[in-house]
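Given next are the chains, with one letter for each unit.
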Amino acid sequence: MVRGIFYGSSAMQYLDEKMDIISNNLANANTNGFKRSGVAFNMHMVAEQAKHRDQNFIDPLPRGEIKSYLEYTQGHLQQTANPLDFALSGSGFFTIQTPDGFAFTRDGGFTMNDEGFLSTMDGYLVYGEYGPIRVNSNDFSISDKGDIVVNNQIVNKFQIYDFDITDLVQRGNNLLYVKNEFVEYREPNALIQQGFLEGSNVSIVKEMIEMIAINRQYQANDKAIKTNDDALQKAVRDIAR
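Residues numbered from 1 in each chain as written. Predicted model: local features only at pLDDT ≥ 70, side-chain atom pairs only at ≥ 80, totals over all residues. Heavy atoms only, no water.

Caption draft 1: Representation of the overall build of the chain. Helix and strand counts for the chain come out as three helices and 18 strands. Split into buried and exposed, the 241 residues of the chain put 36% on the buried side. In the chain, the share of contacts with a sequence separation of at least 24, taken over all contacts with a separation of at least 6, comes to 66%. In the form shown here, the chain has an accessible surface area of approximately 14100 Å², with 50% of it arising from carbon and sulfur atoms. (Helix = DSSP H or I, 4+ residues; strand = E, 2+ residues; numbered from the N terminus. Buried < 20%, exposed > 50% of the residue type's maximum accessible area, 1.4 Å probe, protein only. Contact = heavy atoms within 4.5 Å. Areas by Shrake-Rupley, 256 points an atom, 1.4 Å probe, with all protein chains shown as cover.)

Encoded structure:
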């Protein structure tokens, strides 16, 4: 009975976390270049939990580990005809200069600040191989490899990096950061398309189906916990008699 309550509460904890992630995916279904998150429950601690139960019933049981992960699949490319919009086709990320260091994104919906530099909508500069990218006007072009041409001269090149998606973490503003300084860069194979934007890889239908399934599982576990709790109380009353 106690074991049933524990398993039910662990499942509900996992379902709560999963619901939060699905809600975030749905909220960003129309965010440029957004990569959906999933969640997994690491069950390697089940054996430790069983051993712990056999030894004592006072201390809290070891908890399983809930991990989120990013799904790095290509979003649909949509033509905008805006010369400040860019989309990556293939693996890789734009490099963004932020107060917290370099960040990376698939969102190529940029703008131009008062000094003629490309920046994100939040004002962070877009970084190239020769420093922040300056174009001064909308009258420029790029090659599919990222060379930026102004007045028939190459003035900079988009700095595109690629990583194993597990080495990146989301911290808001549709930006990803490397988890530590020892992360290895990979050779990108992305081509850049000017006048296009990449959509998110979130499927609204899929997320809604998962949300319905989670609600049903949550209700089932809640009912199971109440059943086990009622049985436990009855057993305690019977012993007291």
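Caption draft 2: Region of the structure containing the pairing of strand S9 (residues 125-128). Only one face of S9 is covered, namely the one carrying Val126 and Gly128; the face carrying Leu125 and Tyr127 has none of its residues buried. Relative to strand S10 (residues 131-132), S9 is paired through two bridges, and the arrangement is antiparallel. Across the sheet, the residue bridging to glycine 128 is glycine 131, located in S10. Hairpin connection, S9 to S10: the antiparallel pair is bridged by two residues. (Pairing = 2+ DSSP bridges.)

Caption draft 3: Highlighting the side chain of serine 119. Checked against the element boundaries, serine 119 lands in strand S8 (residues 118-119). Overall, the relative accessible area of 3% leaves serine 119 in the buried class. Beyond its immediate stretch of four places on either side in the chain, serine 119 contacts Phe110, Thr111, Asn113, Tyr124, Leu125 and Val126.

Caption draft 4: Structural view of the pairing of strand S13 (residues 153-157). With four bridges joining them, strand S12 (residues 147-150) and S13 adopt antiparallel strand pairing. Residue valine 149 lies in a different strand from S13, and its bridge partner there is isoleucine 154. Between S12 and S13, which pair antiparallel and follow one another directly, the connecting turn spans two residues, one of which, asparagine 151, has a positive phi of 50°.

Caption draft 5: Spotlight on the environment of glutamate 129. Relative to the helices and strands, glutamate 129 is located in the loop between S9 and S10. Using a relative accessible area of 39% as the deciding quantity, one classes glutamate 129 as partly exposed. Between the alpha carbons of glutamate 129 and asparagine 156 there is a distance of 6.6 Å; along the sequence they are 27 residues apart.

Caption draft 6: How the structure looks around the pattern of salt bridges. A complete count under the given rule lists seven salt bridges for this structure. Of the charged contacts, one joins lysine 18 and glutamate 210 as a salt bridge, the two residues approaching to 3.6 Å between their closest N and O atoms. With lysine 18 in helix H1 (residues 2-27) and glutamate 210 in helix H3 (residues 204-240), this residue pair connects regions lying 192 residues apart in the sequence. Across the pair arginine 36 and glutamate 71 runs a salt bridge, and its minimum N-O distance is 2.7 Å. Taken together, the residues span a long stretch of sequence, with arginine 36 in the loop between H1 and strand S1 (37-42) and glutamate 71 in the loop between strand S2 (65-70) and strand S3 (77-79) at a distance of 35 residues. Overall, glutamate 71 belongs to the partly exposed group, its relative accessible area being 24%. In the salt-bridge network here, residues are joined through shared partners; they are Lys18, Arg36, Glu71, Glu207 and Glu210. (Salt bridge = Lys/Arg side-chain N within 4 Å of Asp/Glu carboxyl O.)

By themselves, these are just geometric observations and shouldn't be taken as functional.
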